[in-house]
Amino acid sequence: MRFERVLENGRLWAVMYDEDCVNILEKVFTQWNDYEWLREFFTKHVDDLATFFHITDIDRAVFDTVDDANELECLIMDLNPDADLDELFRPLENTRMSEVILGREKAKGRFNMHASWLRLYAIRLESGRYIITGGAIKLTATMQEREHTLMELAKLNKVRDYLISIGIFDYNGFEDYHESDD
């Protein structure tokens, strides 16, 4: 696993898993803009879509996802140097009340017609500095209910455990590690 800088100021990074040729942020946004991939996904998960979002039209779900993905990508990629990523990312656990070392975080899309099902998952190095570990279309109440979101949870834990195993507990440690890796 490697880490690629997403924003020049070093506030946002993305994991590049060994089996991939692009970082996970690029991979996720490519999927969320692929009409064929989305149609297949929503066809497979149409029951969840209907149950939690009351949507049965696959084409509508596809178009809503592309619109939401484009807006979310603009929010992340077009951040001005003074923008606060902490406004976008929230604790993964809705009940978490205090900061934790290398906290597991999520960012949601902001679709207007209904709640967004898009999620980006990240490790919080410190306030305003994150490493994207993956993303998913979340159509259920919890990540544990479906295999694809459970895999995202596993990736979050894998990256967090990896960082801890090499002695990284904050952004300074991550920066030192990344500079020594260059």
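Report follows, based on the coordinates. Source: prediction; values computed, not measured. (Residues numbered from 1 in each chain as written. Predicted model: local features only at pLDDT ≥ 70, side-chain atom pairs only at ≥ 80, totals over all residues. Heavy atoms only, no water.)

### Describing a negative patch on the surface
Thought 1: Taken together, the side chains of Asp170, Glu175, Asp176 and Glu179 define an acidic patch exposed on the protein surface.
Thought 2: Relative to the helices and strands, Glu175 is located in helix α6 (residues 171-181).
Thought 3: With a relative accessible area of 32%, Glu175 lands in the partly exposed category. (Patch = residues over 30% accessible without salt bridge, like charges linked within 9 Å, V, L, I, M, F, W, Y side chains within 5 Å. Areas by Shrake-Rupley, 256 points an atom, 1.4 Å probe, with all protein chains shown as cover. Salt bridge = Lys/Arg side-chain N within 4 Å of Asp/Glu carboxyl O. Lys, Arg positive; Asp, Glu negative; His and termini not counted. Charge placed at Lys NZ, Arg CZ, Asp CG, Glu CD. Helix = DSSP H or I, 4+ residues; strand = E, 2+ residues; numbered from the N terminus. Buried < 20%, exposed > 50% of the residue type's maximum accessible area, 1.4 Å probe, protein only.)

### Structural notes on the side chain of Thr149
Thought 1: In this structure, Thr149 sits in helix α5 (residues 147-165).
Thought 2: Using a relative accessible area of 1% as the deciding quantity, one classes Thr149 as buried.
Thought 3: Setting aside its immediate chain neighbours within four residues, Thr149 contacts Ala136, Ile137, Lys138, Thr142 and Met143. (Contact = heavy atoms within 4.5 Å.)

### Comments concerning helix α1 (residues 24-31)
Thought 1: Of the residues making up α1, those classed as buried are Ile24, Leu25, Val28 and Phe29. Angular distribution of buried residues about the axis of α1 spans 130°; they occupy a single face of the element.
Thought 2: Among the structural elements, β2 (12-16), α4 (58-77), β5 (118-126), β6 (129-137) and α5 are those in contact with the buried residues of α1.
Thought 3: Sitting at the head of α1, Asn23 places a side-chain oxygen 2.9 Å from the backbone nitrogen of Leu25. (Arc of directions from axis to C-beta. Polar contact = N/O pair within 3.5 Å; in protein donor to acceptor, adjacent residues only side chain to side chain.)

### Notes on the pairing of β5
Here is the key point about a regular strand: its side chains alternate between the two faces of the sheet.
Thought 1: Counting buried positions along β5 yields eight of nine residues, so the element is predominantly enclosed.
Thought 2: With six bridges joining them, strand β4 (residues 103-108) and β5 adopt antiparallel strand pairing. Bridging across to β5, Lys106 finds its partner in Tyr121.
Thought 3: As paired elements, β5 and β6 share eight bridges and run antiparallel to each other. Among the inter-strand pairings, Ile123 is bridged to a residue of β6, identified as Ile131. (Pairing = 2+ DSSP bridges.)

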